[in-house]
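Coordinate analysis (summary)
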Amino acid sequence: MKLSQHFSLSEFTTSQTASRYGLDNTPGDAEIENLRQLCNHILEPIRAHFEVPIIISSGYRSPQVNTKVGGSSSSQHCKGEAADFTVAHYTVTEIFNWIAFTSGLEFDQLIHEYGNWIHCSYVTRRENRRSILRAYRNSSGRTVYEQVTAPL
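Keep in mind the model is a prediction, meaning the values are calculated, not measured.

Brief notes about helix α3 (residues 29–50)
Helix length check: α3 (22 residues) gives 30 Å between terminal C-alpha atoms against 32 Å at 1.5 Å per residue, within 8%. Residues Ile32, Asn34, Leu35, Gln37, Leu38, Cys39, Ile42, Leu43, Glu44, Ile46 and Phe50 constitute the buried set of α3. Summarising the contacts, the buried residues of α3 are in contact with α1 (9–13), β1 (54–58), β2 (82–87), α5 (92–101) and β4 (117–121). Remark: Glu51 follows α3 within two positions and exhibits a positive phi of approximately 55°.

With respect to the side chain of Ser4
Within the secondary structure, Ser4 is located in the segment before α1. Here the side chain of Ser4 touches Glu44 through a polar contact of 2.6 Å, side chain to side chain. When residues no more than four places from it in sequence are discounted, the contact partners of Ser4 are Cys39, Asn40 and Glu44.

Focus: the pairing of β4
Along β4, 4 of the 5 residues are buried, which leaves the element largely enclosed by surrounding structure. Pairing of β2 with β4 involves 4 bridges; the strand directions are antiparallel. Opposite Asp84, over in β4, you have His119 as the bridge partner. Here strand β3 (residues 109–113) folds back onto β4, and the loop between the two strands holds 3 residues, one of which, Tyr114, carries a positive phi near 55°.

Regarding α5
For α5, the tally of buried residues reaches 7 of 10 residues, placing the bulk of the element in the interior. Listed in full, the buried residues belonging to α5 are Val92, Ile95, Phe96, Asn97, Trp98, Ile99 and Ala100. Elements that come into contact with the buried residues of α5 comprise α3, β2, β3, β4 and β5 (131–137).

Regarding the nonpolar core
Of all hydrophobic cores here, the largest spans 34 residues; its most connected members are Phe12, Ile42, Leu43, Ile46, Phe85, Ile99 and Ile118. At the level of secondary structure, the elements contributing two or more residues to this core comprise α1, α3, β1, β2, α5 and β4. Leaving out residues up to four positions away in the same chain, Ile42 has contacts with Gln37, Leu105, Glu106, Phe107, Cys120 and Tyr122.

Calculation notes
- Residues numbered from 1 in each chain as written.
- Predicted model: local features only at pLDDT ≥ 70, side-chain atom pairs only at ≥ 80, totals over all residues.
- Heavy atoms only, no water.
- Helix = DSSP H or I, 4+ residues; strand = E, 2+ residues; numbered from the N terminus.
- Expected span 1.5 Å × (residues − 1).
- Buried < 20%, exposed > 50% of the residue type's maximum accessible area, 1.4 Å probe, protein only.
- Contact = heavy atoms within 4.5 Å.
- Polar contact = N/O pair within 3.5 Å; in protein donor to acceptor, adjacent residues only side chain to side chain.
- Pairing = 2+ DSSP bridges.
- Core = buried A, V, L, I, M, F, W, Y, C linked by side-chain atoms within 4.5 Å.

Right under this line is the structure:
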């Protein structure tokens with residue numbers, strides 16, 4: 001099933017964790033519609049600007065899959081509102097800075113996660129917050145989220 005011009009539902013539901021543990025990772029109609037909105041408002045504009053593929057590493061997560069991966073109980077992944085991704089031929093920081101400070105995209109949350117991927121969400125149920133964060137592990141190994149106000 002196509003969600004948009006360049007994205008299919010399977011890109012957002014394929015999960016090594018679901019396969020490993022025999023978990024169902026099938027979204028409902030509301031989650032599929034949210035994924036369509038995420039693709040059309042966030043991912044397609046990124047792909048159009050950079051003209052290269054976007055690699056989705058985590059999209060929709062059923063509650064069971066989310067629990068297994070240690071996701072937040074309020075994760076936007078469970079609602080089909082978020083994706084973790086990289087963009088071919090570009091660094092995470094280049095893409096993050098463009099989305100946050102140049103693109104004009106109306107995202108809900110944008111996170112530069114551990115220097116390895118971008119988490120971006122989009123919502124239709126309320127106004128998008130345009131929250132810009134960086135996640136990293138401190139010396140104790142705990143994840144810290146800090147607000148970002150200028151390009152990294």
